[in-house]
Amino acid sequence: MPSLEVISKEKNGFGDTYYYIRDQNGVTIQVYEGELGTFMKKNGVSELKEGKSFIYPQKNR
């Protein structure tokens, strides 16, 4: 079953709310609030899970 996780919710300079959402393949997508329902329906998902962003280890130079 497909799943989507909300990584973060932010606003841009124009006041538009957008979400960073990660799909089951680990791909992160930016979706605006007005397009969220259509995006979820397209992916066959009825609810979003709470997720955490990946923290990449720093390389020692």
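Structure report, in brief. (Residues numbered from 1 in each chain as written. Predicted model: local features only at pLDDT ≥ 70, side-chain atom pairs only at ≥ 80, totals over all residues. Heavy atoms only, no water.)

## Some details on the packing of aromatic side chains
Piece 1. Enumeration according to the criterion identifies 2 aromatic pairs in this entry.
Piece 2. Between Tyr18 and Tyr20 the ring centres are 5.6 Å apart and the planes differ by 85°, which places this aromatic pair in the edge-to-face class.
Piece 3. Residue classification places Tyr18 among the buried residues on the basis of a relative accessible area of 10%.
Piece 4. We classify Tyr20 as partly exposed; its relative accessible area is 27%.
Piece 5. The rings of Tyr18, Tyr20 and Tyr32 are connected pair by pair, giving a single aromatic cluster. (Phe/Tyr/Trp six-rings, centres within 6.5 Å; stacked < 30°, edge-to-face > 60°. Buried < 20%, exposed > 50% of the residue type's maximum accessible area, 1.4 Å probe, protein only.)

## Some words on the pairing of strand 1 (residues 4–11)
Piece 1. The pairing of strand 1 with strand 2 (residues 17–23) spans 7 bridges and is antiparallel. Bridging from a neighbouring strand, Lys11 pairs with Thr17 of strand 2.
Piece 2. Connecting strand 1 to the antiparallel partner strand 2 that follows it, the hairpin turn spans 5 residues, and Gly15 within it adopts a positive phi of roughly 90°. (Pairing = 2+ DSSP bridges. Helix = DSSP H or I, 4+ residues; strand = E, 2+ residues; numbered from the N terminus.)

## Considerations on the pairing of strand 2
Look at any regular strand and the pattern is simple: side chains alternate between the two faces of the sheet.
Piece 1. For strand 2, the tally of buried residues reaches 6 of 7 residues, placing the bulk of the element in the interior.
Piece 2. Hairpin connection of strand 2 to strand 3 (residues 28–32): 4 residues between the antiparallel strands, including Gly26 at a positive phi of 85°.

## Notes on the side chain of Asp23
Piece 1. Note on placement: Asp23 falls in strand 2.
Piece 2. Buried charge without a salt bridge: Asp23, with Arg22 as the nearest opposite-charge side chain at an N-O distance of 7.3 Å.
Piece 3. Among the polar contacts made by the side chain of Asp23, one reaches the main-chain amide nitrogen of Asn25 at a distance of 3.0 Å.
Piece 4. Discounting residues that sit within four places of it in the chain, Asp23 has contacts with Ser3, Leu4 and Ile29. (Lys, Arg positive; Asp, Glu negative; His and termini not counted. Salt bridge = Lys/Arg side-chain N within 4 Å of Asp/Glu carboxyl O. Polar contact = N/O pair within 3.5 Å; in protein donor to acceptor, adjacent residues only side chain to side chain. Contact = heavy atoms within 4.5 Å.)

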